[in-house]
Amino acid sequence: MALNCAPASPSAPPTGAAGNGSGSGSAGSSGTAGSTGQGAAGTSTTGEGTAGTSTTGQGTAGTTEQGTAGAGGPGTAGAGGPGAAGAGAGGATGTAGTSAGGWKNYEYSGTWPNQPIAIKTVAGGKLTYTKIIIHSRFLAESCSIGDYNNDGVPDISSGRRWWPGPFTPGYNGAMMEHIYRGGHDDLPRSGAGSGGSCTDEINSGVSDDWSDFPYDMDGDGLTDIINIANCDTPENCNPSPKPAPQPHATAYWYKNPGPGSTAMWTGTLMNSDVRLEQHGFGDVDGDGKPEIYGACKNCTPAQTKGYYKGDWAHPTMGWTYVPVTTHYNFPFNGTGWLHGEGLGDIDKDGKADLLERGGAWISANSTTPNVTVCPGAGCGWVKTQLYDGDPGENRGPSHMYAADMDGDGDMDIVATDWAHGWGLAWYEQTQPLTFVKHQIYATNSTADQTKYGSVFFSEGHAMQVMDMNGDGIPDIVIGKMRFAHPLSYGDPDPMGVPYSYVLETKHTPAAATGALGAGGPISFVPHEIDPVPDPATGIKSGVGRQIAVGHINTDGIPDICVSSKLGLFVFLGQ
């Protein structure tokens, strides 16, 4: 029986848009990747491909890796882009600055901490933030950080729009926005509805953007956008259906047409069966290219958790799903509404392992799920409970991370107890592939507040684990999602304050006032990201389905971008 689900066939995006190119000359060669630490600049001879046009409603435009003309489908081949110089700068942990081809990355991924990044994180971050409100609408639930106009200044994207930097207080988001793809506009966010009708926000209040990732997908030196839609809500109840939301359970990448272009970005289907509510980047096979974790409902075998892998020599080909776990009963009669997944190098072999609520799978780069329980020779499954233990099929954490939280040289795990409930914990690796749970905060009960501290909130539906102040110790970025479900669905404390925090990790027990994590060997000092409510809504930002951490300006202090049902916000680290 085959284990790998065949890749999706490339197809047009939800709405068609013409691609174009002009000029003549030979294609430019790509720059050399920056070396570890402070990467040396590469060189490039700029050239342009032959002119061509393509209508994406009829076929996907051809693409190129090194600036040569692409071969189209029913449309004519798209134009090759110019080469670009490659220049490296040190990453957060001394990794290379830029990729081959000159593309610069400005966004961290806690699931892929060795991904090259263009700006080195500096020490001295105060963990206080300047808030910039881009808008207060419900348009999307994720955002990403990238230089989309290639001017050397980081920009942000969310939903079907991107906004150019720099970002300063008073930024006019309505004036500065650029629409780059089809999709929907404003969605309801009152928490209304029950019973599953189209007036129920469980169906109508669901965006087509649950995960965004910036990446140069075709090697032309420009930052493209990967967008993953919600995992299982059909579009028939969307109150803003035109021009067309990205279909549920799909992942597309959208090709950046280059600076100055007003054309819609050509979309390429990566896969049409992308389930689970959390997604992230990680390098599973050690080739230096990202895979994306998720779950597949209709692959063979059906209903497993794993990752999606691209063919980088053919960027317009669909991505193949690789199953890692054994079969899971997908909840609610086979829907994709699962929670809790991540990638992290648990055994420190240089390749990412899969994290999910049932444990860690250290043989992720395999054609057959390794169900031999660890520890032990040849084992593949660190079978340990990494959530609150409720047997409900959709129960699980939010994003999950492997990081050396206590500084002892091995990798620990960070995960919420339940994405729609209470609690956050870290799991100490006390012996090889053996973990002990330490609670950071729990519920709003008086007993838990007395034990763990005064910071607590439910529905920590998105999280990042990164060094936020440049001290070399990973911290936790987390917050509450408002209206993750309608009010009638029984989520705890649904109208509670949508807090967001950086939990600063300290390698000392919780003794200082306000520190969290009582009973464990380390503690966590809370720093509120958004202490002042949005004047338009009267409430704080909270989080959406994914938090972006990276460099939105160039001062070297990590910044945060949040897109939630309450709006789109930039938080510049001080």
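Our subject is the structure listed above.
Treat the numbers as computed from the prediction; the structure is a model and nothing was measured.

Caption draft 1: Examining the overall build of the protein chain more closely. Helix and strand counts for the protein chain stand at 4 helices and 31 strands. Counting only residues that meet the buried cut, the protein chain has 60% of its 574 residues in that class. A separation threshold of at least 6 residues defines the contact pool for the protein chain, and within that pool the share at least 24 residues apart is 59%. Roughly 19,600 Å² of accessible area belongs to the protein chain as shown, and the carbon and sulfur atoms make up 54% of that amount.

Caption draft 2: Examining the pattern of salt bridges more closely. According to the stated counting rule, one finds 22 salt bridges in the structure shown. Measuring nitrogen to oxygen at the nearest pair gives 3.0 Å for the salt bridge that ties Glu177 to Arg161. Of this pair, Glu177 sits in the loop between helix H1 (173-176) and strand S8 (178-179) while Arg161 sits in strand S7 (residues 161-163), and the two are 16 residues apart along the sequence. Here Glu177 falls in the partly exposed class, since its relative accessible area comes to 25%. Note that Glu277 and Arg545 form a salt bridge whose closest N and O atoms lie 3.3 Å from each other. Separated by 268 residues along the polypeptide, Glu277 in the loop between strand S12 (266-271) and strand S13 (281-282) and Arg545 in the loop between strand S28 (523-528) and strand S29 (547-550) bring together distant segments of the chain. We note that Glu277, like Arg545, is buried. Each member of the salt-bridge network shares a partner with another, and the members are Arg160, Arg161, Glu177 and Asp185.

Caption draft 3: Up close: the side chain of Asp406. Mapped onto the elements of the fold, Asp406 is located in the loop between strand S21 (399-403) and strand S22 (412-416). Although buried, Asp406 forms no salt bridge, and the nearest oppositely charged side chain, Lys348, lies 9.8 Å from it. The residues contacting Asp406, other than those within four sequence positions of it, are Asp412, Trp426, Glu428, His507 and Ile522.

Caption draft 4: Quick look at the pairing of strand S25 (residues 462-466). Counting buried positions along S25 gives 5 out of 5 residues, so the element sits mostly inside the fold. Residues Ala462, Gln464 and Met466 line one face of S25 and the alternating positions Met463 and Val465 line the opposite face, and both faces are buried. Here 5 bridges tie S25 to strand S26 (residues 475-479), and the two strands are oriented antiparallel to one another. From the neighbouring strand, Ala462 faces S26, where its bridge partner is Gly479.

Caption draft 5: Quick look at the side chain of Thr335. Tracing the backbone shows Thr335 in the loop between helix H3 (331-334) and strand S17 (341-344). Accessibility expressed as a relative area gives 17% for Thr335, which makes it buried. The residues contacting Thr335, other than those within four sequence positions of it, are Asp232, Lys297 and Phe330.

Parameters at a glance
The numbering scheme is per chain: residues are counted from 1 as the chain's sequence reads. Side-chain atom pairs in this predicted model are given and counted only at pLDDT of 80 or more, local residue features only at pLDDT of at least 70, and totals for whole chains, interfaces and linings cover all residues. In computing side-chain values, all of the structure's heavy atoms are included and hydrogens and water are not. Helix and strand assignments come from DSSP, with helices taken as H or I runs of at least 4 residues and strands as E runs of at least 2, each series counted from the N terminus. Note on classification: 1.4 Å probe, protein chains only; a residue is buried when its accessible area is under 20% of the maximum for its type, exposed when over 50%, partly exposed between these limits. Any pair of residues with heavy atoms lying within 4.5 Å of one another is described as a contacting pair. Computed by Shrake-Rupley with a 1.4 Å probe, the accessible areas treat only the displayed protein chains as cover when residues are assessed. Each salt bridge in this description consists of a side-chain nitrogen of Lys or Arg and a carboxyl oxygen of Asp or Glu lying within 4 Å of one another. Two residue types count as positive, namely Lys and Arg, and two as negative, namely Asp and Glu; His and chain ends fall outside the count. Strands pair, by our definition, only if DSSP identifies at least two bridges between them.

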